[in-house]
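Per-entry structural report
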Amino acid sequence: VLVITMPATPSLAVYPHEPFPKDCTTLNGEKCVFPFKYGEKTYHECTFDKTDNGLPWCATSVTNSTRVMITSGDCDSTNYACQFNNICLTDLSGPKNGRGKKCQFPFKYDGVTYYNCAKWNWKTEHYGKHWCSTKTDRDGNHINGEGNLGFCGFCENTVCGCDYCPPYAFFTEAYARRTRG
C-alpha cells in the first residue's frame, strides 16, 4: 500500500534543496561555486542580481580565503539543481528571446490571466509542453510577436506549475489558478 501525504497548505518550498547546490553548472558546463561573494552580498545560489543579459549567473571561481568571485558564468536553466527561490526559468528550446529567462507571472494572453505555465496547444514541435511569457507590458499582457516566451517543459519543474501534473507533485500557491479577464 502506497501512502502519499499531502501538506495541508501548499508550500512555497516546492522541493527541499540543500543550501549549497552541488551539481549546478553554467551554460558552458563549468561547475558553479557556492557560496561566493560579489559586492557586499554573499550568494548561496544562482542570482539575477546585476545580470547584463537577463539570465541568472553564478561564480565559477572564487578566492580561497574570502570566497570573492573571480570568474562567473550564466547558470544552465535546464539543470534543475540551478533552480532557486521558486523562480520558474524557461528551458533552451524556445525562441531566442525567451531561452533561460524568468517567467513573468501572472501574465495575460488571449483574455486569460495565467499564474503558472500554460499548455502549448499549437501543433508544433513544442506541442504538449507548457509555456510562459518572459516579457509583459505594464498591465501584465504578454508581449506577443517578439519571441518573448519560453517553455517550461513537460511538468518536470514543479516551480513552474502546470495543469496536468501527477498527484504526488507539490506546487506553489499559484498552481492552476486562472481567471477570465
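Keep in mind the model is a prediction, meaning the values are calculated, not measured. (Residues numbered from 1 in each chain as written. Predicted model: local features only at pLDDT ≥ 70, side-chain atom pairs only at ≥ 80, totals over all residues. Heavy atoms only, no water.)

**Brief notes about the environment of lysine 31**
Keep this limit in mind: Put simply, DSSP H or I for four residues or longer makes a helix, DSSP E for two residues or longer makes a strand, and each gets a number counted from the N terminus. Residue exposure (1.4 Å probe, protein chains only): buried if accessible area is under 20% of the type maximum, exposed if over 50%, otherwise partly exposed.
Summarising the element assignment, lysine 31 is placed in the segment before β1 (36-38). Overall, lysine 31 belongs to the exposed group, its relative accessible area being 53%. When the C-alpha atoms of lysine 31 and glycine 73 are compared, they prove to be 9.2 Å apart, with 42 residues separating the residues in sequence.

**What about the pattern of salt bridges?**
Here is the rule we go by: In the sections that follow, a salt bridge refers to a side-chain nitrogen of Lys or Arg positioned within 4 Å of a carboxyl oxygen of Asp or Glu.
With the rule as written, the count across this model stands at 2 salt bridges. Aspartate 49 is the partner of lysine 41 in a salt bridge, and the nearest nitrogen-oxygen pair spans 2.8 Å. Look at aspartate 49 and you get partly exposed, because its relative accessible area is 27%. A salt bridge links lysine 129 to aspartate 91; the nearest nitrogen and oxygen atoms lie 3.9 Å apart. One end of the pair, lysine 129, is in the loop between β7 (118-119) and β8 (130-133); the other, aspartate 91, is in the loop between β4 (69-74) and β5 (107-109), and 38 residues separate them in sequence. The residues lysine 129 and aspartate 91 share a single accessibility class, namely buried.

**Quick look at unusual backbone geometry**
Between phenylalanine 34 and the following residue, proline 35, the backbone shows a cis peptide bond with an omega angle of -10 degrees. The peptide bond linking phenylalanine 105 to proline 106 adopts the cis configuration, its omega dihedral lying at -15 degrees. When you line up the elements, proline 106 lands in the loop between β4 and β5. Within the chain, lysine 50 stands out as a residue other than glycine whose phi angle is a positive 55 degrees. Look at aspartate 110: it is not a glycine, yet its phi comes out positive at around 55 degrees. Here aspartate 110 lies in the loop between β5 and β6 (112-114). Owing to a relative accessible area of 68%, aspartate 110 belongs among the exposed residues under this scheme.

**Digging into the nonpolar core**
Side chains of nonpolar character tend, in soluble globular proteins, to be buried together. Let me state the cut-off plainly: What we call a nonpolar core is a set of buried Ala, Val, Leu, Ile, Met, Phe, Trp, Tyr and Cys residues that are connected through their side-chain atoms within 4.5 Å. Note on contacts: a residue pair is in contact if any heavy atoms of the two residues lie within 4.5 Å.
With 14 residues, the main nonpolar core has Cys88, Cys103, Phe107, Cys117, Trp131, Cys132 and Cys152 as its most contacted residues. Of all the secondary structure elements, the ones that give two or more residues to this core are β6, β8 and β9 (149-153). Contacts of tryptophan 131, omitting those with residues within four sequence positions, involve Phe107, Tyr109, Cys117, Ala118, Lys119, Trp120, Trp122, His142, Leu149, Gly150, Phe151 and Cys152. Listed in part, the 13 residues of the second largest apolar core include Cys46, Trp57, Val62 and Met69.

**Quick notes on the state of the cysteines**
Put simply, the test is: Defined by distance alone, a disulfide is two cysteine sulfur atoms within 2.5 Å.
All chains considered together, the criterion is met by 4 disulfides. The disulfide partner of cysteine 46 is cysteine 75, and the gap between their sulfur atoms is 2.1 Å. For the disulfide bridge between cysteine 46 and cysteine 75, the dihedral angle about the S-S bond is near -100 degrees, and by the sign convention the bridge is left-handed. With a gap of 29 residues between them, cysteine 46 in the loop between β2 (41-43) and β3 (57-62) and cysteine 75 in the loop between β4 and β5 connect regions that are remote in the sequence. What makes cysteine 75 buried here is its relative accessible area of 4%.

**Some details on the packing of aromatic side chains**
The following threshold applies: Each Phe, Tyr or Trp ring, with Trp reduced to its six-membered ring, pairs with another whose centre is within 6.5 Å; inter-plane angles below 30 degrees give stacked pairs, above 60 give edge-to-face pairs, and intermediate values give tilted ones.
For the structure on display, the rule yields 13 aromatic pairs. Between phenylalanine 36 and tryptophan 57 the ring centres are 5.5 Å apart and the planes differ by 45 degrees, which places this aromatic pair in the tilted class. With phenylalanine 36 in strand β1 and tryptophan 57 in strand β3, this pair connects stretches of sequence that are 21 residues apart. Just as phenylalanine 36 is buried, tryptophan 57 falls in that class too.

The analysis is restricted to geometry; functional conclusions fall outside its scope.
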